[in-house]
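Listed below, chain by chain, are the residues.
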Amino acid sequence: MASSKVKNKISTGFKMRGLILRPEASKFLVEALESVSELELDDVIERLLDAVEKQPLSSNMIELPMVEIAVQECSQSCDETIDHVFNIIGAFDVPRYIYSSERKKFVPLAMTSHPAPSLCGSARDKAELFRERYTILQQRTHRHELFTPPVIGSAPEEGRNKFQLKTVDALLGSTAKLGDVIVLGMVTQLKEGKFYLEDPSGTVQLNLSKAQFHSGLYTEACFVLAEGWYEDTVFHVNAFGFPPTEPSSTTRAYYGDINFFGGPSSTSVKSSAKLKHLEEENEDAMFVFVSDVWLDSVEVMEKIHTMFSGYSAMPPTCFIFCGNFSSAPYGRNQIKSLKESLKALADVICEYPNIHKSSRFVFVPGPEDPGPSTILPRPPLAEHITEEFRQKVPFSVFTTNPCRIQYCTQEIVVFREDLVNKMCRNCVRFPSSNLDIPNHFVKTVLSQGHLTPLPLYVSPVYWAYDYSLRIYPVPDVIVFADKCDPFNIANTDCMCINPVTYSEDSYIPQGFTVA
């Protein structure tokens, strides 16, 4: 393509983002992009601009070194290696992006004034935890077709089907009665027996006596869309609903190929044609999920033998073992017993050479396994416990709870927690259709965009690492290794699975084929 045409396209692209190129930077880019075909040029320039904006910019003047870094990053992202095919991502390695209301986009932590996360969080971290949850749901709700303002010149009927979100501050500032308002906020109980709706602008007392609850598990600290009228400092709620969910494809259409999920790839694996092709070629790839693997139980070890013998002819890509790994999780001999149990499991794996050579093994700790505390995210089992096992089974990873698994373009989240029971016990009002609890549960978690939409005193979280529990954009698969009955539910282009527990009363593993 002609150099002048390439230069014009580059210059226009940077100007559209409010950026100015230095002459030497412009010359470098023209030379680098001259060989790119005309059909691909616009996409390449967009990726370059994203790579430039990820850097900490002190002004809108783009220097040559910044452009060189961006070109190098894009060159690496276009050359996926085998390392990008399969990755286990611990909760503490998940990248943090913060939504900027001014720029209407997510920016990396390095480009903000926020400090690096620490296990010993500050008061600011606790406030930011809820503020960021709210902001993510607010921007997602505003984009939904029911809440976008009608186009100028459209038919009057179109405007009647639209809704407008109000803030708590707008209610508190009114002296007259306000009817038919919808507010997005968090349900809190600031006084015994009295519920309030809270958002960044303030709190308002709720009257739930006539409220109708749509499907879902409504707990304290979850975010809701409350519809009703406001009078005399009280918000009388007619209906409670959750913020609308959004498929991953819709989210990425707005925010491009940002890698929210984590892993070595600089951009989202969803945008990789090479990885998609590899995935389609290897359509028999299988992941086996097993929960509550009591390694100190003779019956469980016999069932593991049976499972391995069944899979030995065609080994799965990966076995994911979720805790608890001991039937007796307490006592002074717990760690010694667990080390011996893991050693016995390694011996069993070595009895099946095909599985030992071909399959990977991932271990996710349970709430009663040895560790510093029950605060989420949980670190992996200590290295001195797993050292002998890792020597015998080199393709093994002991990771955090929750963790993320990326296989080609598939994104999988694994979470071991007895969450359904906790959410049911902390409902503001228990759903009438209690036989359909799994669907209520899945809808709640996906609507909240978070794995634990519960008060911190029920499900404690490291304040500065709360972002690692987000599920936004929605992944392809979420595995809830919960003690409740197994389920398999598809919602918002996401498959939510609860495998059966592998304790003494059940032994059927949950297999998942990547499709």
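Refer to the structure printed above.
Structure report, in brief.

1. Remarks on the overall build of the chain
Then step 1. What the chain contains, in helices and strands, is 15 helices and 22 strands.
Then step 2. The globule rule puts the C-alpha radius of gyration for 515 residues at 24 Å, and the 25 Å found for the chain is close to it.
Then step 3. Overall, the C-alpha framework of the chain stretches about 70 × 70 × 45 Å when taken along its three principal axes.
Then step 4. Here the chain holds 515 residues, and the buried ones make up 51% of them.
Then step 5. When the accessible surface of the chain is summed, it comes to about 24,000 Å², and 52% of that surface belongs to carbon and sulfur atoms.
Then step 6. If the 48 positive side-chain charges of the chain are averaged to one point and the 63 negative ones to another, these points end up 5 Å apart.

2. Points about the environment of Trp229
Then step 1. Looking at the element boundaries, Trp229 is found in strand E11 (residues 223-231).
Then step 2. You can call Trp229 partly exposed: its relative accessible area is 23%.
Then step 3. Between the C-alpha atoms of Trp229 and Cys494, which are 265 residues apart in sequence, the distance is 35 Å.

3. Considerations on the packing of helix H1 (residues 3-16) against helix H2 (residues 23-33)
Then step 1. At their nearest, the axes of H1 and H2 sit 9 Å apart, and the two run at 120 degrees to each other. Classified by the angle between their axes, H1 and H2 sit oblique to one another. Like other packed secondary-structure pairs, H1 and H2 cross with a definite hand, here right-handed. Note on element contacts: H2 touches H1 through Ser26, Leu29, Val30 and Leu33, opposite Ser3, Val6, Lys7, Ile10 and Phe14.
Then step 2. Of the residues that constitute the contact of H1 with H2, the class distribution is 6 nonpolar, 2 polar and 1 charged.

4. Notes on the packing of aromatic side chains
Then step 1. What the rule picks out here adds up to 31 aromatic pairs.
Then step 2. Plain terms: the ring middles of Tyr99 and Phe106 are 5.2 Å apart, the flat faces sit at 65 degrees to each other, and that makes the pair edge-to-face.
Then step 3. An angle of 80 degrees between the planes, with centres 5.3 Å apart, marks the rings of Phe308 and Phe319 as edge-to-face. Of the two residues, Phe308 sits in helix H10 (residues 298-311) while Phe319 sits in strand E14 (residues 318-322), which places them 11 residues apart along the sequence.
Then step 4. Owing to a relative accessible area of 0%, Phe319 belongs among the buried residues under this scheme.
Then step 5. Pairwise contacts between aromatic rings join Phe308, Tyr311, Phe319, Phe321, Phe325, Tyr352, Phe361, Phe363, Phe389 and Phe398 into one cluster.

5. Quick notes on the nonpolar core
Then step 1. Phe441, Leu446, Leu451, Ile478 and Phe480 are the most contacted members of the largest nonpolar core, which has 47 residues in total.
Then step 2. When residues in this core are grouped by element, the largest group, 5 residues, is from helix H15 (residues 437-448).
Then step 3. Those residues in contact with Leu446, other than ones at most four positions away along the chain, are Arg140, Thr245, Ile471, Val474, Ile478, Asn491, Thr492, Cys494 and Cys496.
Then step 4. Counting residues in hydrophobic clusters, the runner-up holds 29 residues, among them Val290, Phe319, Val348 and Phe398.

6. Describing the pattern of salt bridges
Then step 1. Enumeration over the complete set of coordinates arrives at 20 salt bridges.
Then step 2. With its nearest N and O atoms 2.6 Å apart, the salt bridge here joins Lys105 to Glu53. Of this pair, Lys105 sits in strand E5 (residues 105-108) while Glu53 sits in helix H3 (residues 38-53), placing them 52 residues apart in sequence.
Then step 3. Judged by its relative accessible area of 9%, Glu53 falls in the buried class.
Then step 4. For the salt bridge of Glu132 with Arg470, the shortest nitrogen-to-oxygen distance reads 2.3 Å. Here Arg470 lies in the loop between H15 and strand E19 (477-480) and Glu132 lies in helix H5 (residues 123-142), a separation of 338 residues in the sequence. Each member of the pair, Glu132 as well as Arg470, carries the same accessibility label: buried.

7. Some points on the side chain of Glu246
Then step 1. With respect to the element layout, Glu246 can be found in the loop between strand E12 (234-241) and helix H8 (248-255).
Then step 2. Residue Glu246 is classed as buried on the basis of its relative accessible area of 6%.
Then step 3. Each residue touching Glu246, except ones within four places of it in the same chain, is listed here: Arg140, Arg143, Thr251, Tyr472, Val474 and Thr492.

Quick notes on the rules
Residues numbered from 1 in each chain as written. Predicted model: local features only at pLDDT ≥ 70, side-chain atom pairs only at ≥ 80, totals over all residues. Heavy atoms only, no water. Helix = DSSP H or I, 4+ residues; strand = E, 2+ residues; numbered from the N terminus. Rg over C-alpha atoms; globule rule 2.2 N^0.38 Å. Buried < 20%, exposed > 50% of the residue type's maximum accessible area, 1.4 Å probe, protein only. Areas by Shrake-Rupley, 256 points an atom, 1.4 Å probe, with all protein chains shown as cover. Lys, Arg positive; Asp, Glu negative; His and termini not counted. Charge placed at Lys NZ, Arg CZ, Asp CG, Glu CD. Axes fitted to C-alpha atoms, helices over the stretch in contact; angles between N-to-C directions. Parallel < 35°, antiparallel > 145°, perpendicular 65-115°, else oblique. Left-handed = near helix turned anticlockwise from the far one by under 90°. Contact = heavy atoms within 4.5 Å. Nonpolar A, V, L, I, M, F, W, Y, C, P; charged D, E, K, R; others polar. Phe/Tyr/Trp six-rings, centres within 6.5 Å; stacked < 30°, edge-to-face > 60°. Core = buried A, V, L, I, M, F, W, Y, C linked by side-chain atoms within 4.5 Å. Salt bridge = Lys/Arg side-chain N within 4 Å of Asp/Glu carboxyl O.

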